[in-house]
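Now for the letters of each chain:
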Amino acid sequence: AQSVAQPEDQVNVAEGNPLTVKCTYSVSGNPYLFWYVQYPNRGLQFLLKYITGDNLVKGSYGFEAEFNKSQTSFHLKKPSALVSDSALYFCASNQAGTALIFGKGTTLSVSS
Amino acid sequence: DSGVTQTPKHLITATGQRVTLRCSPRSGDLSVYWYQQSLDQGLQFLIQYYNGEERAKGNILERFSAQQFPDLHSELNLSSLELGDSALYFCASSPGGDYTEAFFGQGTRLTVV
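Residues numbered from 1 in each chain as written. Chains lettered and ligands numbered in written order. Predicted model: local features only at pLDDT ≥ 70, side-chain atom pairs only at ≥ 80, totals over all residues. Heavy atoms only, no water.

Draft legend 1. Molecular detail of the overall build of chain A. Per the secondary structure count, chain A includes 0 helices and 12 strands. Traced from its N-terminal end to its C-terminal end, chain A shows the element sequence β-β-β-β-β-β-β-β-β-β-β-β. Each principal axis of the C-alpha distribution contributes one length, and for chain A these read about 40 × 30 × 20 Å. Burial statistics for chain A: of 112 residues in total, 45% are counted as buried. In chain A, of all internal contacts separated by at least 6 residues, the share reaching a separation of at least 24 is 55%. Carbon and sulfur atoms form 49% of the exposed surface of chain A, whose accessible area is close to 5,200 Å². Averaging the coordinates of the 8 positive side-chain charges in chain A and doing the same for the 7 negative ones gives two points 6 Å apart. (Helix = DSSP H or I, 4+ residues; strand = E, 2+ residues; numbered from the N terminus. Buried < 20%, exposed > 50% of the residue type's maximum accessible area, 1.4 Å probe, protein only. Contact = heavy atoms within 4.5 Å. Areas by Shrake-Rupley, 256 points an atom, 1.4 Å probe, with all protein chains shown as cover. Lys, Arg positive; Asp, Glu negative; His and termini not counted. Charge placed at Lys NZ, Arg CZ, Asp CG, Glu CD.)

Draft legend 2. Main features of the overall build of chain B. When you go through chain B residue by residue, the secondary structure sums to 0 helices and 11 strands. Traced from its N-terminal end to its C-terminal end, chain B shows the element sequence β-β-β-β-β-β-β-β-β-β-β. Taken over the C-alpha trace, chain B has a radius of gyration of 13 Å; the compact-globule value for 113 residues is 13 Å, and the two agree within 12%. Taken along its principal axes, the extent of the C-alpha atoms in chain B is 35 × 30 × 25 Å. Once local pairs closer than 6 in sequence are excluded, the contacts in chain B between residues at least 24 apart make up 54%. If you average the places of the 8 positive and of the 12 negative side-chain charges in chain B, the two averages end up 4 Å apart. (Rg over C-alpha atoms; globule rule 2.2 N^0.38 Å.)

Draft legend 3. Summary view of the state of the cysteines. For the structure shown, the criterion picks out 2 disulfides over all chains. Note that Cys23 of chain A is cross-linked by a disulfide to Cys91 of chain A, the S-S spacing being 2.0 Å. In this structure, the disulfide formed by Cys23 of chain A and Cys91 of chain A twists by about -60° around the S-S bond and is classed as left-handed. Placement of the pair is Cys23 of chain A in the loop between β3 (19-21) and β4 (24-26) and Cys91 of chain A in strand β10 (residues 87-94), with a sequence separation of 68 residues. Given a relative accessible area of 0%, Cys23 of chain A falls into the buried group. Take Cys91 of chain A: its relative accessible area is 0%, and that puts it in the buried class. Between the sulfur of Cys23 of chain B and that of Cys91 of chain B lies a disulfide, 1.8 Å long from S to S. Sign of the S-S torsion, about -55° for the bond between Cys23 of chain B and Cys91 of chain B, identifies this disulfide as left-handed. Linking Cys23 of chain B in strand β3 (residues 19-24) with Cys91 of chain B in strand β9 (residues 87-94), this pair joins segments that are 68 residues apart in sequence. Grouping residues by exposure puts Cys23 of chain B and Cys91 of chain B together as buried. (Disulfide = S-S within 2.5 Å.)

Draft legend 4. Representation of the layout of surface pockets. Taken as a whole, the largest pocket holds about 510 Å³ of empty space. Lining the largest pocket are 23 residues; nearest its centre among them are Gln38 and Leu88 of chain A together with Gln37, Ser38 and Leu39 of chain B. Looking at the lining of the largest pocket, the elements with two or more residues in it are β10 and β12 (106-111) of chain A together with β4 (31-38) and β9 of chain B. In this structure, the second largest pocket is lined by 13 residues; those nearest its centre are Leu44 and Gln45 of chain A together with Asp1, Ser2 and Phe104 of chain B. Among the secondary structure elements, those contributing two or more residues to the lining of the second largest pocket are β6 (44-50) of chain A together with β10 (103-104) of chain B. (1 Å grid on protein atoms, 1.4 Å probe; cavity = no way out; pocket = protein on both sides within 12 Å on 5 of 7 lines; lining within 4 Å. Points joined across faces, edges and corners; volume = space filled by probe spheres on them.)

Quick look at the structure:
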């Protein structure tokens, strides 16, 4: 069965430092991978996706993610964190024509 | 603004009651997805409709049902409500059955008392 794991419930980072939010997946065949962000009392906002091609995907707000097939990972990264990046981040996966399956989410807290 | 509209934003109801949540997808999107978000279960996929037909089912209880109408809006019906059904219910839409990113509405917060 398809699944997505986010091993960290919370990630704390100081403003200006690089951040990484981890995600691993278990999908048979070729996965489609996504990152979403949720701010308090808001819906999920799409950040970026990997379908095929370059393993480094660039998305919104300066975020990027690296697809690693051998490690079945799709970690979200940003070179320099902002306080406004503090939110709940979800990794998600699906295969063609199926619904997104989400990880449990990671709360990112960026301190000033 | 994602272009997906959900109503109502908040709903408080008693156990045993029935409620209907409404979703209008982005213009032109044929797929609608319903998700339930709770603290203990995270974001759970409930059901997907594509152009009026049920496409996929997730962890949807038998007390819950959904449909997608000819104008592509969708409704999620929750009946015989229990305290544990209190959650945030999201609707999302995407252009087609093959995968692109989904766009989420702001959600309906359901509180069962």
